[in-house]
Amino acid sequence: MEFKSKIKTIEWVDNYSKMVDQTVIPYEYKFVNITTGDEMFHAIRDMIVRGAPAIGIAGAHGIVLYAQEGANKNFADVEEYKNWLIQKAEYMKTSRPTAVNLMWACEKQIEIIRNSSSGINGIIEELKQNGIKLENEDIEINKKIGDYGAEVVPKGATILTHCNAGALATVGYGTALGVVRSAFAKDNTIQVFADETRPRQQGARITTFELAMDGIPVTLITDGMCSYFMNKGMIDMVVVGADRIAANGDTANKIGTYTVAIAAKYHNIPFYIAAPLSTIDTSIKSGKEIPIEERSREEVTHINGKRICAEGINIINPGFDVTPHELIAGIITEKGILRPDYNKSIADAFKL
Ligand code: MRU
């Protein structure tokens with residue numbers, strides 16, 4: 001039985017990109033139309049769209065938008081247009097630093113620009129079609145991840161997740177929450193515990209919202225509570241998403257993931273990563289090489305525009321942490337569940 005999720009996070013429509021505005025969830029569920037490349041850069045940077053696979057697709061759409069804008073400029077020839085567009089695509093890659101899906105999807109568009117033998121209108125069409133293809137593939141890949149992952153979900157399990165690796169972090173269905181959706185389709189007695197995920201509350205605001213929308217039971221807990229519930233025997237497994245996975249399996253994901261992984265190891269609870277192969281960066285040997293985004297201090301000092309701490313104190317706000325591969329029971333991908341030794345299983349997955 002296939003699980004039908006109602007959410008489509010981002011979609012190319014005619015000549016613009018339509019996306020769910022994630023900054024206003026759960027108060028509002030509204031769509032915004034992004035019509036220029038610069039608007040897309042800001043939508044990614046300001047997290048109107050967020051989640052590694054979703055920002056990959058957003059980046060690909062953003063390059064189509066730049067391609068359309070370039071058609072109105074007076075370039076001497078197609079080569080000059082292509083060089084300008086590649087510079088814009090390189091700029092799009094810098095909108096956020098950690099999730100490698102953004103660089104991966106922009107690079108797919110750059111390949112098209114480089115290899116195309118078409119004129120300007122032809123290049124725009126090729127980029128548009130590729131954006132739509134990546135969009136459709138993302139949902140298919142997530143369903144495969146979901147189905148592989150569902151095989152390791154025990155009957156009646158309580159699954160803990162951190163941040164939002166759901167339909168709203170992808171084009172649809174989700175990675176970690178894709179596993180939840182596929183497992184729920186087979187066994188509707190499973191349930192989710194969602195960490196709130198300070199400072200931006202993706203767990204509280206987005207994960208609970210999308211699971212409630214799809215009728216999947218979810219309990220919200222604060223970030224510090226996970227060990228308490230693990231110790232009480234109330235968590236059977238952990239599944240989270242990823243922003244970048246190194247060749248040895250070290251995994252960057254939302255800040256706080258590492259703490260959950262350590263707690264899971266201590267309590268002998270399997271800790272899984274669910275992610276497409278496009279999140280794996282085989283060009284880096286270990287997690288030490290993953291760039292970690294430092295975000296604004298206001299995310300920590302303020303909640304809903306109100307200051308929650310003293311003035312004149314130091315603030316540090318890394319957006320991600322790296323979970324060492326030793327803590328990861330398996331990486332659930334569209335090619336199956338990769339197990340240690342990750343250097344080998346990851347390399348093998350790319351050959352399949
Ligand atoms: O800062 P965000 O909200 O973009 O961070 C999102 C996460 O860390 C997700 O867990 C990750 O991107 C995986 S999404 C399938």
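As a starting point, this report considers the structure included with it. Because the structure is predicted, anything quoted here is derived from the model rather than measured.

Parameters at a glance
Here the residue numbering is sequential within each chain, running from 1 through the sequence in written order. In keeping with the model being predicted, local features are shown solely for residues with a pLDDT of at least 70 and side-chain atom pairs are shown and tallied solely at 80 or more, while totals for entire chains, interfaces and linings include all residues. The basis for every side-chain value is the complete set of heavy atoms in the structure, and neither hydrogens nor water enter the calculation. Numbering goes from the N terminus for both helices and strands, where a helix is a DSSP run of H or I of at least four residues and a strand is a run of E of at least two. Note on method: radius of gyration uses C-alpha positions; expected globular size equals 2.2 Å times residues raised to 0.38. Residue burial is assigned from relative accessible area. The probe radius is 1.4 Å, only protein chains are included, and a residue is buried under 20% of its type maximum, exposed over 50%, and partly exposed in between. Residue contacts are counted whenever heavy atoms from the two residues lie within 4.5 Å of one another. Methods summary: accessible areas were calculated by the Shrake-Rupley approach with a probe of 1.4 Å, and residue burial reflects only the protein chains presented. When charges are counted, Lys and Arg are positive and Asp and Glu negative, with His and the chain ends excluded. Here the site of a charge means NZ on Lys, CZ on Arg, CG on Asp, or CD on Glu. For Phe, Tyr and Trp, rings pair up if their centres lie within 6.5 Å, where Trp contributes its six-membered ring, and each pair is then called stacked (planes under 30 degrees apart), edge-to-face (over 60) or tilted (otherwise). Working rule: Lys NZ or Arg CZ, within 6 Å of ring centre, within 35 degrees of ring normal, means a charge sits over the ring. If a single non-hydrogen atom of a residue is within 4 Å of a molecule or strand, that residue counts as near it. Nitrogen and oxygen atoms within 3.5 Å of one another constitute a polar contact, given that in protein one can donate a hydrogen and the other can accept it, and given that sequence-neighbouring residues count only through two side-chain atoms. Ten residues, namely Ala, Val, Leu, Ile, Met, Phe, Trp, Tyr, Cys and Pro, are considered nonpolar, four, namely Asp, Glu, Lys and Arg, are considered charged, and the remaining ones, Gly among them, are considered polar. Note that the arc is computed from the directions linking the helix axis to the C-beta atoms. For two strands to be treated as a pair, DSSP must find at least two bridges joining them. Axis definition: a line fitted to C-alpha atoms, over the contacting stretch in the case of helices. Angles run 0 to 180 degrees between N-to-C directions. Working definition of a nonpolar core: buried Ala, Val, Leu, Ile, Met, Phe, Trp, Tyr and Cys residues. They are joined through side-chain atoms within 4.5 Å. Any carboxyl oxygen of Asp or Glu that lies within 4 Å of a side-chain nitrogen of Lys or Arg is treated as forming a salt bridge with it. In this description, a disulfide is simply a cysteine sulfur pair whose atoms lie within 2.5 Å.

1. Here we look at the overall build of the protein chain
When helices and strands are counted, the protein chain shows 11 helices and 16 strands. Taking 20 Å as the expected radius of gyration for a compact globule of 352 residues, we find that the protein chain reaches 20 Å, a close match to that expectation. Principal axes of the C-alpha set define a box for the protein chain whose edges measure 70 × 55 × 40 Å. Out of the 352 residues belonging to the protein chain, those deemed buried represent 56%. Sequence-distant contacts, at least 24 apart, represent 75% of the contacts inside the protein chain between residues at least 6 apart. With the model as given, the accessible surface of the protein chain reaches about 14800 Å², and the carbon-plus-sulfur share is 51%. Distance from the positive charge centre (38 side chains) to the negative charge centre (44 side chains) of the protein chain: 3 Å.

2. Focus on the packing of aromatic side chains
Per the stated rule, a full pass over the model turns up 9 aromatic pairs. On the numbers, 5.1 Å between centres and 85° between planes, the contact of Y228 with F229 is edge-to-face. We classify Y228 as partly exposed; its relative accessible area is 49%. Taking the relative accessible area as the measure of exposure, F229 reaches 14% and is therefore buried. Taken together through their ring pairs, the aromatic side chains of Y66, F75, Y81 and W84 make up a single cluster. Sitting over the ring of F31, K18 keeps its end group 4.7 Å from the ring centre. Residue placement shows K143 over the ring face of Y173; its charged tip is 5.9 Å from the ring centre.

3. As for the site of the ligand
In the vicinity of the ligand there are 19 residues, among which A52, R96, D243, N253 and K254 approach most closely. Contacts to the ligand include Q202, whose side-chain N or O atom sits 2.9 Å from an oxygen atom. Take N253: an N or O atom from its side chain is 2.6 Å from an oxygen atom of the ligand. For the ligand, the protein covers 99% of the area, taking 420 Å² as the surface of the free molecule. Where the shell around the ligand is concerned, the elements lending two or more residues are α2 (52-70) and β9 (251-254). Of the residues contributing to the shell around the ligand, the split by class is 8 nonpolar, 7 polar and 4 charged.

4. Quick notes on helix α1 (residues 37-45)
Restricting attention to buried positions, one finds in α1 the residues G37, M40, F41, A43 and I44. An end-on view of α1 places all buried positions within 165° of arc, on one side of the element. Backbone geometry just downstream of α1 places M47 in the positive-phi region, at approximately 65°.

5. Thoughts on the sheet that holds strand β11 (residues 280-281)
Backbone-to-backbone hydrogen bonds pair the strands of a sheet. The strands run either parallel or antiparallel. Strand order across the open sheet formed by 4 strands is β11-β8-β9-β14, with mixed pairing between neighbours. Two strands bound the open sheet, and with one partner strand each, they are β11 and β14 (320-323). Direction of pairing for strand β8 (residues 244-246) relative to β11: parallel, over a ladder of 2 bridges. From the neighbouring strand, I245 faces β11, where its bridge partner is I280.

6. Notes on the packing of helix α3 (residues 78-93) against helix α5 (residues 120-150)
Where α3 meets α5, the closest approach of the two axes is 10 Å, and the angle between their N-to-C directions is 35°. Residue-level contacts link V78, Y81, K82 and L85 of α3 to I120, I123, I124 and L127 of α5. Looking at side-chain class alone, the contact of α3 with α5 contains 7 nonpolar, no polar and 1 charged residues.

7. A short note on the nonpolar core
M40, I44, I63, L85, M92 and L127 are the most contacted members of the largest nonpolar core, which totals 41 residues. Sorting the residues of this core by element identifies β1 (10-13), α1, α2, α3, α4 (100-115) and α5 as the ones contributing at least two each. Considering every element that reaches this core, the biggest residue donor is α2, with 11 residues. With near-sequence residues (within four places) excluded, I44 lies in contact with V49, I55, A58, G59, M92, S95, R96 and L102.

8. Some points on the pattern of salt bridges
Under the definition given, this model contains 20 salt bridges. Close ionic contact of D281 with R244 constitutes a salt bridge, the shortest N to O distance being 2.7 Å. Of the two residues, D281 is situated in strand β11 and R244 in strand β8; the sequence distance between them amounts to 37 residues. There is no split in this pair, since D281 and R244 are both buried. Its salt-bridge partner being D348, residue K344 comes within 2.7 Å of it at the nearest N-O pair.

9. Observations regarding the state of the cysteines
Tallied over the full model, the rule gives 0 disulfides. Not part of a disulfide, C226 finds its nearest cysteine sulfur in C163, a span of 15 Å.

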